[in-house]
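Residues per chain, in single letters:
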Amino acid sequence: MWCPEWRMMFVVFVLQEACCAYVLMVTAVYWVSEAVPLGAAALVPAFLYPLFGVLKSSEVAAEYCKDTTLLLMGVICLAASIEKWNLHKRIALRMVMIAGAKPGMLVLGFMCCTVFLSMWLSNTSTTAMVMPIAEAVLQQLICTGLADGHEDSETMDAPEEDSGTSTLWTLNPWLHAENANCQTTGSPMLEHPQIAVEIPNLKRVKARRDSQYPTKRDHMICKCLSLSITYAATIGGLITITGTSTNLIFAEQFNTRYPEAKMINFGTWFIFSFPIAIIMLVLTWLWLHFLFLGCNFRETCSLSKKRKTRREMMSERRIHEEYEKLGPISYPEVVTGVFFILMTLLWFTREPGFVPGWTSLFEKKGYRTDATVSVLLGFLLFLIPARLPSFKKKNDESSGSDPLAPMITWKDFQRLMPWEIVILVGGGYALAAGCKVSGLSMWIGRQLEPMSGLPPWAVTLLACLLVSAVTEFASNPATLTVFLPILSALSETLLINPLHTLIPSTMCVSFGVMLPVGNPPNAIVFSYGHVKISDMVKAGFGVNLIGVAVVMLAITTWGVPLFNLTEFPVWAMARNVTGSL
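Residues numbered from 1 in each chain as written. Predicted model: local features only at pLDDT ≥ 70, side-chain atom pairs only at ≥ 80, totals over all residues. Heavy atoms only, no water.

Chemist: Describe the overall build of the protein chain, listing the residues and the values that go with them.
Modeler: Across its full length, the protein chain holds 26 helices and zero strands. Across the protein chain, contacts joining residues at least 24 apart in sequence account for 80% of those joining residues at least 6 apart. Accessible surface computed for the protein chain: about 26,700 Å², of which carbon and sulfur atoms make up 66%. (Helix = DSSP H or I, 4+ residues; strand = E, 2+ residues; numbered from the N terminus. Contact = heavy atoms within 4.5 Å. Areas by Shrake-Rupley, 256 points an atom, 1.4 Å probe, with all protein chains shown as cover.)

Chemist: Talk me through the packing of aromatic side chains; I want residue IDs and the actual numbers.
Modeler: Overall, the coordinates contain 16 aromatic pairs when judged by the stated rule. Relative to F270, the ring of F266 has its centre 6.3 Å away and its plane inclined at 15°; by these criteria the two rings are stacked. In this pair, F266 and F270 both sit in helix α12 (residues 266–293), four residues apart, roughly one turn of the helix. F270 shares its class with F266; the two are buried. What links up through ring pairs into an aromatic cluster is the set F250, F254, Y258, W269 and W571. Lying over the aromatic face of Y323, R90 brings its terminal NZ or CZ to 5.6 Å of the ring centre. (Phe/Tyr/Trp six-rings, centres within 6.5 Å; stacked < 30°, edge-to-face > 60°. Buried < 20%, exposed > 50% of the residue type's maximum accessible area, 1.4 Å probe, protein only. Lys NZ or Arg CZ within 6 Å of the ring centre and 35° of its normal.)

Chemist: Tell me about the pattern of salt bridges, and name the residues and values.
Modeler: One pass over the structure, following the stated rule, counts five salt bridges. Measuring nitrogen to oxygen at the nearest pair gives 2.7 Å for the salt bridge that ties R90 to E333. Here R90, found in helix α6 (residues 87–99), pairs with E333, found in helix α15 (residues 331–350); they are 243 residues apart in sequence, far enough to count as distant. Comparing R90 with E333 shows no difference in burial state: the two are buried. Here K223 and D535 are joined by a salt bridge, their closest N and O atoms 3.2 Å apart. In this pair, K223 sits in helix α10 (residues 216–237) while D535 sits in helix α24 (residues 533–556), placing the two residues 312 residues apart along the sequence. By the burial criterion, K223 is buried, and D535 matches it. (Salt bridge = Lys/Arg side-chain N within 4 Å of Asp/Glu carboxyl O.)

Chemist: Could you give an account of a nonpolar patch on the surface, naming the residues involved and the relevant values?
Modeler: A surface patch of nonpolar side chains, amounting to about 550 Å² of accessible area, comprises Y22, M25, F47, L51 and F52. Only α1 (4–33) and α3 (44–52) provide two or more residues apiece to the nonpolar patch. The biggest single contributor to the nonpolar patch is α3, with three residues. Given the relative accessible area of 65%, L51 is considered exposed. (Patch = residues over 30% accessible without salt bridge, like charges linked within 9 Å, V, L, I, M, F, W, Y side chains within 5 Å.)

Chemist: So what's going on with the packing of helix α20 (residues 456–470) against α24? Residues and values would help.
Modeler: Relative to each other, α20 and α24 sit at 150°, their axes nearing to 11 Å. If you check the angle between α20 and α24, you find them roughly antiparallel. Here α20 runs over α24; the crossing is right-handed. When α20 is examined against α24, the residues W457, T460, L461, C464, L465 and S468 are found in contact with a partner set consisting of N544, V548, M552 and T556. Here the contact of α20 with α24 is built from residues that sort into six nonpolar, four polar and no charged. (Axes fitted to C-alpha atoms, helices over the stretch in contact; angles between N-to-C directions. Parallel < 35°, antiparallel > 145°, perpendicular 65-115°, else oblique. Left-handed = near helix turned anticlockwise from the far one by under 90°. Nonpolar A, V, L, I, M, F, W, Y, C, P; charged D, E, K, R; others polar.)

Chemist: With reference to specific residues and values, describe the nonpolar core.
Modeler: Residues F110, F250, F254, I264 and L499 are the most contacted members of the largest nonpolar core, which totals 124 residues. The contacts of F250, once residues within four sequence positions are left out, are I264, W269, L480, L484, L499, L502, I503 and T506. With 25 residues, the next largest nonpolar core counts L424, L431, A433 and C435 among its residues. (Core = buried A, V, L, I, M, F, W, Y, C linked by side-chain atoms within 4.5 Å.)

Chemist: For unusual backbone geometry, give the residues involved together with the corresponding values.
Modeler: The backbone phi angle of N86 is positive, close to 60°, even though this residue is not glycine. Its identity as a non-glycine residue notwithstanding, L495 has a phi of 55°, on the positive side. The exposure class of L495 is exposed, given its relative accessible area of 54%.

Chemist: Describe the environment of P521, listing the residues and the values that go with them.
Modeler: Tracing the backbone through its elements, the reader meets P521 in helix α23 (residues 520–527). Look at P521 and you get buried, because its relative accessible area is 3%. In this structure the C-alpha to C-alpha distance between P521 and Y231, which are 290 residues apart in sequence, comes to 8.6 Å.

Chemist: Could you give an account of the packing of helix α11 (residues 245–257) against helix α21 (residues 476–494), naming the residues involved and the relevant values?
Modeler: Here α11 crosses α21 at 35°, and the two axes come no closer than 10 Å. Here the hand of the crossing between α11 and α21 comes out right-handed. Contacts between α11 and α21 involve S245, T246, I249, F250, Q253 and R257 from the first element and N476, P477, L480, T481, L484, P485, S488, A489 and E492 from the second. Partitioning the contact of α11 with α21 into residue classes produces seven nonpolar, six polar and two charged.

Chemist: Can you tell me about α23, naming the residues and giving the values?
Modeler: Note that an α-helix has 3.6 residues per turn; residues three or four places apart therefore point the same way. For α23, the tally of buried residues reaches seven of eight residues, placing the bulk of the element in the interior. Those residues of α23 that sit buried are P521, N522, A523, I524, V525, F526 and S527. G529 sits one or two positions beyond α23 and adopts a positive phi of about 85°.

Chemist: With reference to specific residues and values, describe the environment of T27.
Modeler: Within the secondary structure, T27 is located in helix α1. For T27, a relative accessible area of 0% corresponds to the buried category. Once the C-alpha coordinates of T27 and L38 are considered, the two residues, 11 residues apart in sequence, prove to be 9.5 Å apart. Each residue touching T27, except ones within four places of it in the same chain, is listed here: A41, V44, P45 and L431.

Chemist: Describe the side chain of S118, and please don't skip the residues or the numbers.
Modeler: By the element assignment, S118 lies in helix α7 (residues 103–118). Residue classification places S118 among the buried positions, given a relative accessible area of 0%.

Chemist: Just give me the short version of the side chain of T234, but keep the residues and values in it.
Modeler: Relative to the elements of secondary structure, T234 occurs in helix α10. On the basis of relative accessible area, T234 is assigned to the buried category, the value being 5%. Dropping the residues within four chain positions of it, T234 is found in contact with N123, S510, F511, V513 and N519.

Chemist: Describe the confidence of the model for the protein chain, naming the residues involved and giving the relevant values.
Modeler: Looking at the protein chain as a whole, its pLDDT mean stands at 76, while 76% of the residues score no less than 70. In the model of the protein chain, helix α9 (residues 202–210) stands out as the element of lowest mean pLDDT, 46, in contrast to helix α22 (residues 498–508), which has the highest, 92. For the stretch residues 577–581, pLDDT sits under 50, and the model shows two contacts to residues farther than four places along the chain or on other chains. (pLDDT = per-residue confidence, 0-100.)

Printed below as a string of structure tokens:
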């Protein structure tokens, strides 16, 4: 028989597990149903954990601001400078100019520039930036086709009631370019204010789909280019730790749960994920080309000037005109570009692994992280003037500009800072801390012991398929926050290196690309009206399979020596022993 003291300790332990599970389920239900904003739902652990005696209020509060929060703030400062001085537009237009106006190469060019921008900016911001540029090119293609008088043989029939409506150009609320001198046959161009990401107006989208494209092929090009941008934004977000919020969630939760690991930093993540992104980029482009443009790559990808049609030459001219409007590269753009390169180099060389990094120059080790670099350079952007210093006296009163105005202001930073994501990530850290303290994660791991007969790759594949299915209907950060503690406990129970399951699951949670509600970039692209839900499901299913296959290939090949996945690590073993005690 147990003594009363042991019985009381057992009851308290079981109650803590049950209370933590209740908080986890309540938060997950709010996240999945979105009955309240995601940020508000993330505050549930802040008051339920102290009420149930799982964590003290001060302990919960400490989880809502971590090292990754400072890392994100520094990156947002750089992103604000990139947007303010139109460096992103210059990069995008230059890359598209290099690619040319052939449909296949045009799609590939837009995908490359979107991937590059999405490495450093949020997926949503990147899509919202690139889509207006792509739309301007598409509208030039459509307007030129209308002027050519239906040259191609496959002409689509439009409904009679839409014969007097304006062209697609007038129905786009995201477009900030001018009308491209395209004369329409209906009402004048509507004026729309810039709006936030939202579920598109179904009546407007339907009207757009019923509008007349010059040919069926033009419609296919519009579909292909639109979908390629949202997929490229997702692929680019995989490459860097700061590329998307789910990467930040994984990095902080992993480093918190396994502080002795020292395996995840900007350099190791980039080395692992960059080949994944390149392979996915090529395969996704081939898939979309096959699905919408066919297999005639010689016709759609030729760089020969002799093969260019009048419409393609007009599209190229339009791109060149947009680039010329930017004028010569300005001083603020140069400063922003230098900071961009400097931040990347300092991240790479902090602790590269194969050689001593710049942190080895300091006596005390472990004090400097990627966030240190990010915040330092972000702070300097508030100090450096946006105008080239000059000792000559100039009369600036007439222009009304401040010669000492900084590169960015606090309003610029506030406009881009995703505070909801910060609180959401903090809520995830709080849930993970509660699962660790209460013992819930170990209890979940024990329930999954029957899976011990499966090989590591099978466990990882099941985890990838599960999270990629759930994330189609739930928020990506919320999905990952719920699954990370469970998969960590599962790996410890089955004596699998936790990185073998956590890294692929983190990447696959970004593959919610089959529905407009899967992520904000999908909603932005869907709002333009070029694609239907059936198009997104068909194309997104293929991209999802490509993503899971490439991630599985990576974790079983170059991921093995990079993260030493062949053995159960000491840092995870120490965590397992501590948890069991």
